[in-house]
Amino acid sequence: MIISIVHPSRGRPNLAVKTAKDILLKSCYSEEVFVEYIFSLDFDDNKLKDYETLIDSLQQEFNKINFKIGYDNNRNVVQAMNKGAIQSTGDILICTSDDFEFPLKWGIIVNEKIDITKPQALLVSQGVAKYTTNMALPIITRKMYESLGFIYYPEYTGMFADDDLTEACKVHGELINAPQLLFQHNHFLNGKSQIDDTYKRHNNKEGWDLGKRIFEQRKLTGFK
């Protein structure tokens, strides 16, 4: 069984690799659970060389992990996430970002929570009371991914994409609620990190207004 980690990142090579290292150290993967790690990067990121150097070091440290780096002309995080997912081969896809902390033995826990033979998704706690009902950390089976055709609906730039995914998973399969399972989201909105250019790129009024408009339109179609 393969778990694919899809990790878009921009402008944060040190944080991205630090996060990836922490995720892999906590995975407790076994011969039965193989992990592939996909970084989805932007061609116009001026820190690409730093990413490549640090990821190469990560590959040497975790030589049993299959690392992949995808490059594209991504205009936003939604495009980067979807492009990264295209490269995945896993039975389960976990889509993260630079500001998440995974629980210990997450690989074993996730494998026990969802059935890879069905289109299922796992809704976990982000450690933020305000955000308990959206999938800012998508955890889905390949069957669900194939049913959706993407991770995030491609018309979004960031805002509301996770709300849309949550509703779409209910329509296309089964959404399993696991509030006791904590994947801590260290977002600037909950005071656990500082806002930077990467956050500003998709956390803005223009993105909010666009996302809200698309979400309302998607409601009318039943998220199909």
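See the structure above.
Let us now look at the packing of aromatic side chains. Using the criterion set out here, one finds 10 aromatic pairs in the structure. Ring geometry for Tyr-37 versus Phe-39: centroids 5.0 Å apart, planes at 40°, classification tilted. Neither residue differs from the other here; Tyr-37 and Phe-39 are each classed as buried. These aromatic residues form a ring-pair network of at least three members: Phe-160, Trp-208, Phe-215 and Phe-223. Between the NZ or CZ atom of Arg-218 and the centre of the ring of Tyr-153, over which it lies, the distance is 3.9 Å.

This part is about the nonpolar core. If you look at the biggest cluster of nonpolar residues, it comprises 35 residues, and the most contacted ones within it are Ile-139 and Phe-183. Breaking this core down by element, the ones donating at least two residues are strand E1 (2-8), helix H1 (13-25), strand E2 (34-42), helix H2 (48-61), strand E4 (92-95), helix H4 (106-113), strand E6 (120-125) and strand E8 (174-182). If you tally residues by element for this core, the top one is H1, at five residues. One finds Val-78, Ala-85, Ile-151 and Tyr-153 within the second-largest nonpolar core, a separate group that totals 28 residues.

For helix H6 (residues 161-172), with 12 residues, the first-to-last C-alpha span of 16 Å sits near the 16 Å given by 1.5 Å per residue. What H6 keeps buried is the set Ala-161, Asp-162, Asp-164, Leu-165, Thr-166, Ala-168 and Cys-169. Buried residues in H6 make contact with helix H3 (77-86), E6, strand E7 (139-141), helix H5 (142-148), E8 and helix H8 (205-221).

Thresholds, definitions, all that
Residues numbered from 1 in each chain as written. Predicted model: local features only at pLDDT ≥ 70, side-chain atom pairs only at ≥ 80, totals over all residues. Heavy atoms only, no water. Phe/Tyr/Trp six-rings, centres within 6.5 Å; stacked < 30°, edge-to-face > 60°. Buried < 20%, exposed > 50% of the residue type's maximum accessible area, 1.4 Å probe, protein only. Lys NZ or Arg CZ within 6 Å of the ring centre and 35° of its normal. Core = buried A, V, L, I, M, F, W, Y, C linked by side-chain atoms within 4.5 Å. Helix = DSSP H or I, 4+ residues; strand = E, 2+ residues; numbered from the N terminus. Expected span 1.5 Å × (residues − 1). Contact = heavy atoms within 4.5 Å.

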